[in-house]
Amino acid sequence: AAPVQVQLVVPMAVVFGPGSVPGDLLRPLPFRDVQEMEISVNLRTSVTSRYEMFYRSTTGQEEAALAAATAREADAALHPLQDTTLGSLTMYVVPETSSLLPQGINVYVGKHRSALVRAGGSLAALQARLREVTQVMSFTASSIAAALSDRVPDGQLSPDARRNLKSSLGYEITFSLLNPDPKSHTVDWDIEGAVNRYVKPVLDKLSLVANFSVDSQILYYAVLGVTPRYDKESSSFLLSAHSLPHVINPVEARLGSSAASLYPVLNFLLYVPERSHSPLYIQDKDGAPVSTNAFHSPRWGGIMVYNVEAPASPQASLPLHVDVDMARVMEVFLAQLRLLFGLSREEVPPEFLLERPGNEGLADWELDHLLWAHTVENIATVSTTLTSLAQLLDKIGNIVIKDDVASEVYRAVASVQSAVTELSLGHLHAAFQASKEAVTSSERAFFDPSLLHLLYFPDDQKFAIYIPLFLPMAVPILLSLAKIVRETRQRKKEPTKMD
């Protein structure tokens, strides 16, 4: 793959509230400082992160906002006063004794692009805390390595890195209700209402990252590929963790959406178990029941088992009418969607408090987290695509490159250069847009029908194809030529008659 050199620049304001300035501050406020860090990927790929920090004191309005009773109120009041540029961060430093943050919490990360941080007494302690916050709110070495997973040696990647979806210009989301036993259950789910209420706000926020399309279907008589084990103690059926991978294949054959799709498809399946296997519970690796009764498969989607209450009287008429509780189902599916996009919140230090994103499904800084990773991944993808194209063109000597293919290649190169430049200026949004344009152009060039290598034959193949066609015609022509040559020679040998 071609060398990739990227500098990720994060504009960052560090704002000191009253009584929070460390005593060992070297210079009077305001001042600027830069911190750089190398993210190791491999020898041909260098990624540098550069935090351009601007230290200053609070303004009167910010001071009033920080006087709020709770961190959540302060975060809401500070939002209109701060820089909302994508990829930028604002850190509000509060005194060590501040009651804004709960006991034992040193950092509060809000819903937007700011955090409240305890001063920590000394500049070194504060800077260590700030470093931890920036790792959570912008990007980590592991999130960038995951974005460049094609270039990273296998041993160096965390297992989570392969879980995240690859960057794409679009994604298709399919919600499927599986009813394997329609004779026993009539299942109603208000999927349209649920998508509008729970999924749409999340996708509206993610629309900056990619285009999304959503569809739904109900499949009857679709069974899981594994027969669950009956457990006498709980008089229920169990699916163990090691059998879960075998559940997907037979179901996937029935889904039928991914074959016709240009984009990655995310499948979310709600499975109502048949009466003979009810209730059905999923067990984790240790044999404990999974609280959500669901599991997810990396880069594929998730499955949730929805058990139906058994009727009170055994004489109840079949089929039973089931109304699905969509709020409970969507909570699980949205959590799985976040996992697929690599937005899990599990690896946060214990003294951090993260505000819940509410009905938007993800905070502003989480959106930036995706944009950083996808921009870097797009740049790497384009460089790989163009390198492959160049190698293909080198191999085929007589290939014809049309003007429109050449212009797509030039456009891809220019867009990648523009993306790299915008990243080094700290303009995340512009960099991401340029990287998307570069991907589009490079793929148009790479998949252009005129560049199919099947259209261009090596010379030996041409001879092999044409000789059998021309040989039968060539034999009489060659014999006639030989005869003409012979006759001409004979004529020269015979002495001409002299009168």
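In this text the structure is predicted, and so the values were computed from the model without any measurement.

This next bit is on helix α10 (residues 428-446). Taking 1.5 Å per residue as the helical rise, α10 with its 19 residues ought to reach 27 Å, and the 27 Å between its terminal C-alpha atoms agrees with that figure. Along α10, the residues that are buried comprise Leu428, Ala431, Phe432, Ala434, Ser435, Lys436, Ala438, Val439, Ser441, Ser442 and Ala445. Along its buried surface, α10 packs onto α8 (364-395) and α9 (403-424).

Where α9 meets α10, the axes come as close as 8 Å, and the angle between the chain directions of the two elements is 160°. For the element pair α9 / α10, the angle class is roughly antiparallel. The crossing of α9 and α10 is left-handed. In this structure, α9 uses Val405, Glu408, Val409, Arg411, Ala412, Ser415, Val416, Ser418, Ala419, Glu422 and Leu423 to contact α10, whose residues at the interface are Leu428, Ala430, Ala431, Ala434, Ser435, Glu437, Ala438, Ser441, Ser442, Arg444 and Ala445.

Within the element layout of this structure, Ser167 appears in the loop between α4 (141-147) and β7 (170-179). Side-chain polar atoms of Ser167 contact the side chain of Asn378, separated by 2.8 Å.

Residue placement: His369 occurs in helix α8. Take His369: its relative accessible area is 15%, and that puts it in the buried class. Spatially, the C-alpha atom of His369 lies 9.9 Å from that of Gln135, the residues being 234 residues apart in sequence. Those residues in contact with His369, other than ones at most four positions away along the chain, are Val136, Ser138, Phe139, Ser143 and Gly342. Side-chain polar atoms of His369 contact the backbone oxygen of Ser138, separated by 3.1 Å.

It is worth spelling out helix α3 (residues 123-137) at this point. The terminal C-alpha atoms of α3 lie 21 Å apart, and with 15 residues this matches the ideal 21 Å at 1.5 Å per residue to within 8%. Every buried residue of α3 is listed here: Leu123, Leu126, Gln127, Arg129, Leu130, Val133, Thr134, Val136 and Met137.

Looking now at the sheet that holds strand β10 (residues 229-231). Strand order across the open sheet formed by 3 strands is β10-β11-β13, with mixed pairing between neighbours. The sheet is open, and its two borders are formed by β10 and β13 (280-282), each paired with just one other strand. The average angle at which neighbouring strand axes cross in this sheet is 40°, direction not considered.

Running from N to C, α8 and α10 point in directions that differ by 30°, and their axes come no closer than 9 Å. Taken together, the axes of α8 and α10 lie roughly parallel to each other. You can see that α8 and α10 cross each other, and the crossing is left-handed. Contact residues: Asp368, Leu371, Trp372, His374, Thr375, Asn378, Ile379, Val382, Thr385, Leu386, Ser388 and Leu389 in α8; Leu428, Ala431, Phe432, Ser435, Lys436, Ala438, Val439, Ser442, Ala445 and Phe446 in α10.

Going through the model one piece at a time under the given rule, you end up with 14 salt bridges. Between Lys205 and Glu360 there is a salt bridge, with the nearest N and O atoms lying 2.9 Å from each other. Note that Lys205 is positioned in helix α5 (residues 191-206) and Glu360 in the loop between β17 (352-354) and α8, a separation of 155 residues in sequence. Where Arg411 meets Glu408, a salt bridge forms, and the shortest distance between an N and an O atom there is 3.3 Å. With Arg411 and Glu408 both in helix α9 and 3 residues apart, this pair spans about one turn of that helix. Classification of Arg411 by relative accessible area gives partly exposed; the value is 42%. Residues joined in a network through salt bridges with shared partners are Arg113, Lys205, Glu360, Asp364 and Asp368.

The pairing of strands in a sheet happens through backbone hydrogen bonds and is either parallel or antiparallel. Judged by pairing direction, the sheet is mixed, and its 5 strands sit side by side in the order β9-β7-β12-β15-β14 without closing on themselves. Either end of the sheet is taken by a strand with one partner, and the two such strands are β9 (211-220) and β14 (294-297). Taking each pair of neighbouring strands and ignoring which way they run, the sheet shows an average axis angle of 15°. Bridging between β7 and β9 involves 10 bridges; their strand directions are parallel. Counterpart to Gly170 in the pairing with β9 is Asn211. Docked against the sheet, helix α7 (residues 326-340) engages β7, β12 (265-271), β14 and β15 (301-305), running at close to 150° with respect to β12.

Time to look at the nonpolar core. Counting residues in each nonpolar core, the largest one holds 93 residues, and the members touching the most others are Leu8, Met91, Phe175, Leu206, Leu270 and Phe341. Counting residues per element, this core draws most heavily on α8, at 10 residues. Aside from chain neighbours lying at most four places away, what touches Phe175 is Trp189, Ile191, Val195, Val199, Val214, Asp215, Ser216, Gln217, Phe268, Met330 and Phe333. Core analysis: the next-biggest nonpolar cluster, separate from the first, contains 20 residues, Val247, Ile248, Leu269 and Phe295 among them.

This paragraph deals with a nonpolar patch on the surface. Together, Phe463, Ile467, Leu471, Val475 and Leu479 make up an exposed nonpolar region whose accessible area comes to about 510 Å². Counting through the fold element by element, Phe463 comes out in helix α11 (residues 459-493). When its relative accessible area of 56% is taken as the criterion, Phe463 is described as exposed.

Here we take up the pairing of β15. Taking burial as the measure, the 5 residues of β15 include 5 buried ones, the bulk of the element. Residues Gly301, Ile303 and Val305 line one face of β15 and the alternating positions Gly302 and Met304 line the opposite face, and both faces are buried. Where β14 meets β15, 4 bridges bridge the pair, whose relative direction is antiparallel. Its bridge partner lying in β15, Phe295 is registered against Ile303. Where β14 folds back on β15, the antiparallel hairpin that results is connected by 3 residues, among which Arg299 adopts a positive phi of roughly 60°.

So, on to unusual backbone geometry. Here the bond from Leu29 into Pro30 is cis, since omega is -10°, no more than 30 degrees from zero. Summarising the element assignment, Pro30 is placed in the loop between β1 (4-16) and β2 (31-42). The amide bond that connects Ser278 to the next residue, Pro279, takes the cis arrangement and shows omega of -15°. Within the secondary structure, Pro279 is located in the loop between β12 and β13. Here Tyr221, not a glycine, exhibits a phi torsion of approximately 60°, which is positive. Within the element layout of this structure, Tyr221 appears in the loop between β9 and β10. With phi around 55°, Asn293 is a residue other than glycine that occupies positive phi space. Tracing the backbone through its elements, the reader meets Asn293 in the loop between β13 and β14.

The rules behind each value
Residues numbered from 1 in each chain as written. Predicted model: local features only at pLDDT ≥ 70, side-chain atom pairs only at ≥ 80, totals over all residues. Heavy atoms only, no water. Helix = DSSP H or I, 4+ residues; strand = E, 2+ residues; numbered from the N terminus. Expected span 1.5 Å × (residues − 1). Buried < 20%, exposed > 50% of the residue type's maximum accessible area, 1.4 Å probe, protein only. Contact = heavy atoms within 4.5 Å. Axes fitted to C-alpha atoms, helices over the stretch in contact; angles between N-to-C directions. Parallel < 35°, antiparallel > 145°, perpendicular 65-115°, else oblique. Left-handed = near helix turned anticlockwise from the far one by under 90°. Polar contact = N/O pair within 3.5 Å; in protein donor to acceptor, adjacent residues only side chain to side chain. Pairing = 2+ DSSP bridges. Salt bridge = Lys/Arg side-chain N within 4 Å of Asp/Glu carboxyl O. Core = buried A, V, L, I, M, F, W, Y, C linked by side-chain atoms within 4.5 Å. Patch = residues over 30% accessible without salt bridge, like charges linked within 9 Å, V, L, I, M, F, W, Y side chains within 5 Å. Areas by Shrake-Rupley, 256 points an atom, 1.4 Å probe, with all protein chains shown as cover.

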